Amino acid sequence: MPSLVRLIIEDINSIYRRDPAIRSRIEIFFNYPGVWAIANYRVAHKIHTKGLPLLARMWMGIAQLFTNIDIHPAATIGRRVFIDHGIGVVIGETAVIGDDVTIYQGVTLGGVSLNPGKRHPTVESGVVIGAGAKILGNITIGANSKIGANSVVVRSVPPESTAIGIPAKVITKGRDKSPLSHNKLPDIDKELFEYLLKRVAVIEHILAPEHKELLEEDQKLDEIYDAFIKSIKS
């Protein structure tokens, strides 16, 4: 296992390679609270494993004041983890994070139980977690998966998958392995709505010749809907 200093240097170098917004390594020290949070976590985790949990919590408490990122020193975080922007990120005590994971702002790796033991998620290597996502409970996010922004994940996600929505649904279609391709996540609500519209159109076409009264009722509903839309716009 690399030394503490080598781990921190490796974290910094990996961010320099993965973020196209960086023009100089100096920027990392002044504009990336995620770097400070991970570096302080490395130190606090070392202190925690030496049998000084109170000192470790105090260390991370001070770091939280400067970074607005809350990481429990007992959490297990792998190598080259990138917390991008980072404001509002929360990582619980029994969370486990693999290597080369990317976490965006507002993400929570939280627990749903007050019982001792493993209460927080396990995030395997290569996972990308979109901004505002909440991953809750002792579940596993499989390697190289992607969690859509603002999703709430309460069940395990298999490797090489995409999970989106509230509660999150696992899908495979439309997956893009690029960490920055948040705009390419499929919109399952839109797809469902389009399906329903097409389904209704087919049913109307079938019923129209024999049930003209339904068409008259449909016309009335259209008028009510149009009046509602006009009232909103005015």
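Computed from a predicted model, the values in this text were never measured in an experiment.

Peer 1: Can you help me understand the overall build of the protein in this one?
Peer 2: Broken down by element type, the protein carries six helices and 15 strands. Relative to its full complement of 234 residues, the protein shows a buried share of 36%. Of the contacts formed within the protein by residues at least 6 apart in sequence, a portion of 33% connects residues at least 24 apart. Carbon and sulfur atoms make up 61% of the accessible area of the protein, which amounts to about 13,900 Å² in all.

Peer 1: Help me understand unusual backbone geometry in this model?
Peer 2: For residues other than glycine, phi is negative in most cases, and the peptide bonds are mostly trans. Here I166 and P167 are connected by a cis peptide whose omega angle stands at -15 degrees. Positioned with a positive phi, H85 is a non-glycine residue whose angle comes to about 65 degrees. Inspection of the secondary structure assignment puts H85 in the loop between β3 (82-83) and β4 (90-91). Of note, the phi angle at N150 is positive, near 65 degrees, even though the residue is not glycine. Inspection of the secondary structure puts N150 in the loop between β12 (146-147) and β13 (152-153).

Peer 1: How should the sheet that holds β4 be read in this particular structure?
Peer 2: Working definition: the strands of a sheet are paired by backbone hydrogen bonds and lie parallel or antiparallel to each other. Pairing is parallel across the open sheet formed by five strands, whose spatial order is β1-β4-β7-β10-β13. The open sheet has two free edges, formed respectively by β1 (70-71) and β13, since each of these has just one partner strand.

Peer 1: Is there a simple way to think about a nonpolar patch on the surface in this case?
Peer 2: A surface patch of nonpolar side chains, amounting to about 490 Å² of accessible area, comprises I26, F29, F30 and W36. Look at W36 and you get partly exposed, because its relative accessible area is 42%.

Peer 1: Whenever I open this one, helix α4 (residues 53-67) confuses me. Can you help?
Peer 2: What sets the pattern is the α-helix's 3.6 residues per turn: residues three or four places apart point alike. The terminal C-alpha atoms of α4, which comprises 15 residues, lie 21 Å apart, in line with the 21 Å expected from a rise of 1.5 Å per residue. Residues of α4 that are buried include every one of A56, M60, A63 and T67, and no others. Down the axis, α4 shows its buried residues gathered within 55 degrees of arc, on one side only. Those residues of α4 that are exposed and aimed more than 90 degrees away from the buried face are L54 and L65. Contacts made by the buried residues of α4 are with α3 (33-49) and β1.

Peer 1: Which parts of the structure should I look at to understand the pattern of salt bridges?
Peer 2: Opposite charge on two side chains makes pairing possible when the charged atoms of those side chains draw close. By the definition in use, this model includes five salt bridges. A salt bridge links E10 to R80; the nearest nitrogen and oxygen atoms lie 3.1 Å apart. Separated by 70 residues along the polypeptide, E10 in helix α1 (residues 4-18) and R80 in the loop between β2 (76-77) and β3 bring together distant segments of the chain. In this structure E10 comes out as buried when scored by relative accessible area, which is 18%. Accessibility expressed as a relative area gives 18% for R80, which makes it buried. Between R42 and D11 there is a salt bridge, with the nearest N and O atoms lying 3.0 Å from each other. Residue R42 is found in helix α3, and its partner D11 is found in helix α1; the two are separated by 31 residues along the sequence. Connected through shared salt-bridge partners, E10, R79, R80 and D100 make up one network.

Peer 1: Would you mind going over the packing of α1 against α3 with me for this structure?
Peer 2: One can describe the packing of α1 onto α3 by two numbers: an axis separation of 10 Å at closest approach and a directional angle of 160 degrees. In terms of axis orientation, α1 runs roughly antiparallel to α3. Judged by the twist between their axes, the crossing of α1 over α3 is right-handed. For the pair α1 and α3, the contacting residues are L4, L7, I8, D11, I12 and I15 in the first and V35, I38, A39, R42 and V43 in the second. A per-class count over the contact of α1 with α3 returns nine nonpolar, no polar and two charged.

Peer 1: Explanation requested: the environment of K46 in the structure shown.
Peer 2: Of note, K46 is situated in helix α3. The exposure class of K46 is partly exposed, given its relative accessible area of 45%. As for K46 and P73, which are separated by 27 residues in sequence, their C-alpha atoms are 8.4 Å apart.

Analysis parameters
- Residues numbered from 1 in each chain as written.
- Predicted model: local features only at pLDDT ≥ 70, side-chain atom pairs only at ≥ 80, totals over all residues.
- Heavy atoms only, no water.
- Helix = DSSP H or I, 4+ residues; strand = E, 2+ residues; numbered from the N terminus.
- Buried < 20%, exposed > 50% of the residue type's maximum accessible area, 1.4 Å probe, protein only.
- Contact = heavy atoms within 4.5 Å.
- Areas by Shrake-Rupley, 256 points an atom, 1.4 Å probe, with all protein chains shown as cover.
- Pairing = 2+ DSSP bridges.
- Patch = residues over 30% accessible without salt bridge, like charges linked within 9 Å, V, L, I, M, F, W, Y side chains within 5 Å.
- Salt bridge = Lys/Arg side-chain N within 4 Å of Asp/Glu carboxyl O.
- Expected span 1.5 Å × (residues − 1).
- Arc of directions from axis to C-beta.
- Axes fitted to C-alpha atoms, helices over the stretch in contact; angles between N-to-C directions.
- Parallel < 35°, antiparallel > 145°, perpendicular 65-115°, else oblique.
- Left-handed = near helix turned anticlockwise from the far one by under 90°.
- Nonpolar A, V, L, I, M, F, W, Y, C, P; charged D, E, K, R; others polar.

Coordinates in, geometry out; function isn't part of it.
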